[in-house]
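Summary of the model geometry
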Amino acid sequence: MSERAKAPPMPNVVVVGAQWGDEGKGKVVDLLTEHAQVVVRFQGGNNAGHTLVVDGQKTVLHLIPSGILHAGKTCVIGNGVVVDPAVLVKEIDGLKQRGFLKDDAQLRVSYDAHVIFPWHKQLDLLREKARGEAAIGTTGRGIGPAYEDKVARRGIRVRDLLQAERLGRKMRERLEQARDELALLARKAGAPAPELDADALVAEALAIGERLRPYAADTSQYLAARIKGGARILFEGAQGTLLDVDHGTYPFVTSSNCVAGNAAVGSGLGPTAIDKVMGISKAYTTRVGGGPFPTELTDALGEQLRRVGEEFGATTGRPRRCGWLDGVVLRYAARVNGLWGIALTKLDVLSGLEELKLCTAYELDGARLTELPGDYEDLARVKPVYETLPGWEESLDGVRTVDQLPEAARRYVHRVEEVAGVPVVCLSVGADRGKTVLLQNPFQG
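Thresholds, definitions, all that
- Residues numbered from 1 in each chain as written.
- Predicted model: local features only at pLDDT ≥ 70, side-chain atom pairs only at ≥ 80, totals over all residues.
- Heavy atoms only, no water.
- Helix = DSSP H or I, 4+ residues; strand = E, 2+ residues; numbered from the N terminus.
- Rg over C-alpha atoms; globule rule 2.2 N^0.38 Å.
- Buried < 20%, exposed > 50% of the residue type's maximum accessible area, 1.4 Å probe, protein only.
- Areas by Shrake-Rupley, 256 points an atom, 1.4 Å probe, with all protein chains shown as cover.
- Lys, Arg positive; Asp, Glu negative; His and termini not counted.
- Charge placed at Lys NZ, Arg CZ, Asp CG, Glu CD.
- Pairing = 2+ DSSP bridges.
- Core = buried A, V, L, I, M, F, W, Y, C linked by side-chain atoms within 4.5 Å.
- Contact = heavy atoms within 4.5 Å.
- Axes fitted to C-alpha atoms, helices over the stretch in contact; angles between N-to-C directions.
- Parallel < 35°, antiparallel > 145°, perpendicular 65-115°, else oblique.
- Left-handed = near helix turned anticlockwise from the far one by under 90°.

**What to know about the overall build of the protein chain**
Secondary structure assignment for the protein chain yields 14 helices and 20 strands. For a compact globule of 445 residues, the expected C-alpha radius of gyration is about 22 Å, and the protein chain comes in at 22 Å, within 12% of that figure. Projected onto its principal axes, the C-alpha coordinates of the protein chain cover approximately 65 × 65 × 45 Å. A burial count over the protein chain gives 55% of its 445 residues as buried. When the accessible surface of the protein chain is summed, it comes to about 18700 Å², and 49% of that surface belongs to carbon and sulfur atoms. Charge separation in the protein chain, taken as the distance between the mean sites of 56 positive and 57 negative side-chain charges, equals 4 Å.

Pasting the structure below:
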């Protein structure tokens with residue numbers, strides 16, 4: 001047996017949202033980066049907003065992985081991400097101004113990541129406006145249209161930004177098609193058609209491509225080499241399981257696969273590169289935009305959760321819909337992601353409530369369901385079946401171990417584990433990095 005075969009493999013970990021996004025993935029990724037050498041974003045775009053609070057200072061990241069605040073760690077934007085280059089450059093500049101990203105080698109962007117252009121954003125906004133009451137709640141960042149171009153094999157990638165003749169040719173070809181669609185959508189929406197100057201857009205894209213040239217790389221090859229060298233890789237998902245284009249509440253979903261299986265595809269690695277999957281869930285549930293939400297609270301209690309939890313989108317600023325924790329959703333996320341453990345965030349927001357409710361099943365047309373209906377119209381009609389648990393009055397601000405939790409809080413966490421069928425391995429009791437209890441480290445054991 002060779003020495004290589006004898007050596008134990010270094011674990012690689014995927015972090016995914018186990019609800020409808022906004023679960024606190026950024027904070028958990030930031031925490032776990034201490035134990036990894038490389039952090040990879042593998043899907044989505046700047047429709048994501050990962051908020052980090054370190055020593056009271058807030059950082060919101062949209063494209064760059066949440067490990068970037070740690071010196072000496074490499075952050076990778078994988079081929080599965082759609083990149084708005086203007087947003088990425090702004091993010092890079094903002095980090096550098098604050099003393100982060102001192103070494104350009106700390107960030108790598110896949111040559112094969114597809115690029116978002118102004119017409120993608122204009123298409124996104126006009127389509128949503130034309131839908132009227134049937135709008136799905138897109139962020140208007142051009143994510144969907146960029147993924148459409150990718151699948152239609154007419155997309156423009158980061159590597160194209162670095163080649164002037166090719167970029168000009170591809171942009172002009174795509175603009176000719178985009179103008180016709182934009183004019184039609186504008187008429188339907190009763191809006192003026194956007195003006196698109198091909199020469200100006202090409203010149204802008206070339207200039208921003210030069211800004212990104214130091215970061216562009218074959219990231220699949222880079223990651224494979226790092227794994228071979230023994231590095232630990234942390235894969236950072238965006239959005240959440242119920243927003244996955246295949247496994248979410250379609251059509252009220254995003255345009256990419258948010259589940260753990262896409263970590264391999266979106267970073268250019270084989271599935272054997274993934275060892276553990278941690279799902280992130282709030283201690284209650286939130287959702288932004290349209291679509292079914294069985295445990296939604298539209299009363300004063302829902303407003304209290306929104307206010308105390310500061311539930312407003314980091315990307316759009318939109319207020320989030322709030323409700324009780326949905327155990328059916330968590331069980332579903334555990335199954336489609338193969339969850340090893342759950343990080344339960346914002347447990348502190350529940351302090352002060354006299355009683356808590358936890359959804360354990362649904363009722364639909366007189367039948368009891370313990371699994372998530374595949375049809376979103378059925379999900380919109382279900383009635384949640386709740387268990388009631390006692391709440392707690394104590395603040396969790398100073399909690400740093402499980403033993404410091406109030407008894408009622410420990411009982412609630414334990415019941416969440418039972419309902420989800422997955423252990424809670426991490427607890428968050430505040431926004432700051434230090435207000436976290438890591439019960440099991442996925443990179444160990």
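**Remarks on the environment of Glu-128**
Summarising the element assignment, Glu-128 is placed in helix α4 (residues 118–131). The class of Glu-128 is buried, set by a relative accessible area of 14%. The spacing of Glu-128 and Leu-185 is 57 residues in sequence and 9.8 Å in space, taken between C-alpha atoms.

**Concerning the pairing of strand β10 (residues 233–236)**
Side chains Ile-233 and Phe-235 of β10 all project onto a buried face; the interleaved residues Leu-234 and Glu-236 project onto the opposite face, where all are buried too. Bridge count between strand β1 (residues 13–17) and β10: three bridges; the pairing is parallel. By the bridge assignment for β10, Val-14 is matched with Phe-235. As judged from the four bridges shared by strand β2 (residues 38–41) and β10, these two strands associate in the parallel manner. Looking at β10, one finds that Val-40 is bridged to Phe-235.

**Things to note about the nonpolar core**
Judged by nonpolar contacts, the single largest core of 60 residues is most densely connected at Leu-88, Phe-117, Trp-119, Met-171 and Leu-234. Beyond its immediate sequence surroundings of up to four residues, Met-171 is in contact with Phe-117, Trp-119, Ile-156, Leu-201, Val-202 and Ala-205.

**A word on the packing of α4 against helix α7 (residues 164–189)**
The contact between α4 and α7 brings their axes to 9 Å, and the two run at 20°. Here α4 lies roughly parallel to α7, going by the angle between them. Of the two possible hands of crossing, α4 and α7 adopt the one that is left-handed. Where α4 abuts α7, its residues Trp-119, Gln-122, Leu-123, Leu-126, Arg-127, Lys-129 and Ala-130 lie against Met-171, Arg-174, Leu-175, Ala-178, Glu-181, Leu-182, Leu-185, Ala-186 and Ala-189.

**A short note on unusual backbone geometry**
Here Tyr-250 and Pro-251 are connected by a cis peptide whose omega angle stands at 10°. Here Pro-251 lies in the loop between β10 and α10 (262–265). The phi dihedral of Gln-239 is positive, around 55°, even though this residue is not glycine. Following the sequence through the fold, Gln-239 ends up in the loop between β10 and α10.

**Re the packing of helix α3 (residues 85–97) against helix α8 (residues 198–212)**
One can describe the packing of α3 onto α8 by two numbers: an axis separation of 10 Å at closest approach and a directional angle of 40°. What the angle tells us is that α3 and α8 run oblique. Of the two elements, α3 crosses α8, and the hand of that crossing is left-handed. Here α3 contributes Pro-85, Ala-86, Leu-88, Val-89, Ile-92 and Asp-93 to the contact with α8, which in turn contributes Ile-208, Arg-211 and Leu-212.

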